[in-house]
Amino acid sequence: MFAVFTRLADWVAFTLLGLSADTKLGDAVHFFVEDVTKIFVLLVAIVFAIGVLRTMLTPERMRRTLAGTRRGPAYVLAGFLGAVTPFCSCSAVPLFIGLLEAGVPMGVTMTFLITSPMVNEVAVVMLVALLGWKITALYFVTGMTVGIVGGLVIDALGMERFVEDYVWKIRMGEVAEVAVDRSLRGRVAFGAAQVREIVGRVWLYVLIGIGIGAGLHGYVPQDFFARHAGPDNPFAVPFAVLVGIPLYSNAAGMIPVVEALLGKGLPVGTVLALMMSITAISAPELMILRKVLKVPMLAFFAAFLAVAFVGVGYLFNAILG
Amino acid sequence: MKRIKVLGSGCANCVTTAKLIATKAKDLGIEVDIEKVTDVAAIMGYGVMSTPGVVIDGKVVHAGGIPAAVAVERWLRG
């Protein structure tokens with residue numbers, strides 16, 4: 001199904017540019033062309049399809065559903081909603097307040113905030129396309145688990161006291177039910193608008209991700225990572241997580257890097273831990289959440305996720321190593 | 001004159017939305033007063049959780065994402 005992109009890359013790198021497949025440059029250019037074309041075609045198709053479906057699931061509706069669900073199932077539901085809801089970090093603050101105000105428990109709200117950037121439809125479909133079902137399933141299940149467990153722990157520790165006081169005073173107005181065009185044409189138009197907006201927001205990350213992936217692929221010696229960060233180095237996983245904390249990329253941009261690192265023989269657990277750390281925790285996101293959460297809660301949030309990702313990394317390296 | 005409020009914490013999408021409305025209004029020769037609302041409490045007061053939101057003459061007409069150009073035209077004419 002994706003062979004067409006390989007052939008296109010063959011043609012561009014080896015025929016059009018006359019590079020040799022045996023050179024580092026030829027290899028890197030081939031990787032870049034193949035991934036750029038494949039990822040952008042996939043990205044547009046997926047975002048459009050999900051955009052059309054999304055006309056059926058608005059955040060306002062999600063809030064109502066979550067508020068009306070019992071505590072236990074609500075955690076699982078919040079994880080899934082996090083995965084299918086578009087998430088722009090600029091909406092994090094109003095969403096957070098909106099959920100708490102509707103009576104959704106703090107833990108459930110945090111589950112949503114953890115899974116949303118980490119697990120989403122774009123990441124899932126691209127992981128399947130580039131890395132196969134097995135890694136995708138692992139990523140999905142562990143992402144969900146970390147989100148749900150994180151929410152439960154936050155709830156058990158009574159972290160509500162670390163929410164900024166003004167949040168509890170906000171009273172939300174009558175929820176605005178904006179008329180959605182439910183005709184097929186309306187849904188298609190919405191899908192197209194989502195493509196413009198989401199691809200417009202992520203394309204640069206994807207391009208940088210592919211560039212880094214291509215560089216790693218072409219220029220890093222085959223045994224470099226295996227020697228320095230292989231399965232027998234116990235510090236590789238925590239190091240990958242620490243490196244990932246301040247950095248931010250969305251999941252779509254991370255996938256080409258993941259692909260290249262796995263190709264270099266880095267263990268799956270180490271790579272997934274790096275990907276989770278980069279997508280789920282970042283300096284900009286912590287700054288946005290600081291508007292609603294006090295410092296101890298933020299520190300706990302970052303530390304919990306870091307420990308969880310290190311655990312995930314070791315676990316997979318042990319199972320699959 | 002239409003009083004328009006763009007609700008949002010100042011992210012890129014909110015700026016784009018405000019610009020889109022201003023441009024459309026100018027094209028159509030309709031006088032508008034556009035105000036950006038960045039205070040979270042005020043935004044939530046309108047019952048909007050997903051930003052940017054658009055309020056025209058006190059009524060929420062849009063929430064979440066950059067509105068379509070045709071929709072903006074409809075609000076301005078309506």
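Relevant structure appears above.
Since the structure is predicted, the reported quantities are computational estimates derived from the model, not experimental observations. (Residues numbered from 1 in each chain as written. Chains lettered and ligands numbered in written order. Predicted model: local features only at pLDDT ≥ 70, side-chain atom pairs only at ≥ 80, totals over all residues. Heavy atoms only, no water.)

K.L.:
Hey, could you run me through the interface of chain B and chain A in this one?
P.N.:
The extent of an interface is frequently quoted as the accessible surface area lost upon association of the parts. Across the contact, 19 residues belong to chain B and 21 residues belong to chain A. Counting each side, the surface lost to burial between chain B and chain A is near 1,600 Å², with a carbon and sulfur contribution of 66%. The interface formed by chain B and chain A includes zero salt bridges. The interface formed by chain B and chain A includes two residue pairs in polar contact (both at pLDDT 80 or more). Secondary structure elements with two or more residues in the side of chain B that touches chain A: helix H2 (40–45) and strand S4 (59–63) of chain B. (Contact = heavy atoms within 4.5 Å. Buried area = accessible area lost by both parts, 1.4 Å probe. Salt bridge = Lys/Arg side-chain N within 4 Å of Asp/Glu carboxyl O. Polar contact = N/O pair within 3.5 Å; in protein donor to acceptor, adjacent residues only side chain to side chain. Helix = DSSP H or I, 4+ residues; strand = E, 2+ residues; numbered from the N terminus.)

K.L.:
I would appreciate a short explanation of a nonpolar patch on the surface in the present structure.
P.N.:
All names here are of chain A. A cluster of nonpolar side chains, namely Phe32, Trp203, Leu204, Leu207, Ile208 and Ile212, defines an oily patch on the protein surface of about 530 Å² accessible area. Ranked by residues supplied to the nonpolar patch, first place goes to helix H10 (residues 184–219) with five residues. Here isoleucine 208 lies in helix H10. (Patch = residues over 30% accessible without salt bridge, like charges linked within 9 Å, V, L, I, M, F, W, Y side chains within 5 Å. Areas by Shrake-Rupley, 256 points an atom, 1.4 Å probe, with all protein chains shown as cover.)

K.L.:
Got a minute to help me understand the nonpolar core in this structure?
P.N.:
It is characteristic of soluble globular proteins that their nonpolar side chains tend to be buried jointly. In terms of nonpolar packing, the biggest core is built from 103 residues, with Leu43, Phe96 and Leu293 of chain A touching the most fellow members. Among the elements that line this core, the one with the most residues is helix H16 (residues 295–320) of chain A, at 12 residues. Here this core gathers at least three residues from each of two domains, domain 1 (1–54 + 182–203) and domain 2 (55–180 + 220–320) of chain A. Not counting the four nearest positions on each side in its chain, leucine 293 of chain A is found in contact with Phe96, Met106, Met110, Phe162, Val163, Glu164 and Leu298 of chain A. Counting 12 residues, the second-largest nonpolar core is a separate cluster that includes Ile4, Val54, Val61 and Ala71 of chain B. (Core = buried A, V, L, I, M, F, W, Y, C linked by side-chain atoms within 4.5 Å. Buried < 20%, exposed > 50% of the residue type's maximum accessible area, 1.4 Å probe, protein only. Domains from an automatic or database assignment.)

K.L.:
Help me understand the packing of aromatic side chains, please; the structure alone is not making it clear to me.
P.N.:
Aromatic ring pairs are reported here in terms of the distance separating the ring centres and the angle at which the planes meet. Residue and element names in this part refer to chain A. In the structure shown here, the tally under the stated rule is four aromatic pairs over all chains. Both rings, one in phenylalanine 80 and one in phenylalanine 140, keep their centres 6.0 Å apart while their planes meet at 55°; by these two values the pair is tilted. Taken together, the residues phenylalanine 80 in helix H4 (residues 71–84) and phenylalanine 140 in helix H8 (residues 133–156) connect sequence positions 60 residues apart. When its relative accessible area of 26% is taken as the criterion, phenylalanine 140 is described as partly exposed. Seen in terms of ring centroids, phenylalanine 224 and phenylalanine 225 are 5.2 Å apart; in terms of plane orientation they differ by 85°. Their pairing is edge-to-face. Note on phenylalanine 224: relative accessible area 33%, which makes it partly exposed. (Phe/Tyr/Trp six-rings, centres within 6.5 Å; stacked < 30°, edge-to-face > 60°.)

K.L.:
Quick question: what am I supposed to make of unusual backbone geometry here?
P.N.:
Backbone phi values are negative for most residues with the exception of glycine, while trans is the configuration of most peptide bonds. Residues and elements named next belong to chain B. Going from threonine 51 to proline 52, the amide bond is cis rather than trans, its omega being -5°. Here proline 52 lies in the loop between H2 and strand S3 (53–56). One non-glycine residue, aspartate 57, adopts positive backbone phi at about 45°. By secondary structure assignment, the location of aspartate 57 is in the loop between S3 and S4.

K.L.:
Please explain the pattern of salt bridges as it appears in this structure.
P.N.:
All names here are of chain A. Summed over the entire model, instances satisfying the criterion amount to 11 salt bridges over all chains. The salt bridge partner of aspartate 155 is arginine 71, with a shortest N-O separation of 2.4 Å. Of the two residues, aspartate 155 is situated in helix H8 and arginine 71 in helix H4; the sequence distance between them amounts to 84 residues. A relative accessible area of 19% places aspartate 155 in the buried class. In this structure arginine 71 comes out as partly exposed when scored by relative accessible area, which is 45%. The salt bridge involving glutamate 164 is made with arginine 290; its shortest N-O contact spans 2.8 Å. Taken as a pair, glutamate 164 in the loop between H8 and helix H9 (165–169) and arginine 290 in the loop between helix H15 (283–289) and H16 lie far apart in primary sequence, 126 residues in all. Note on glutamate 164: relative accessible area 18%, which makes it buried.

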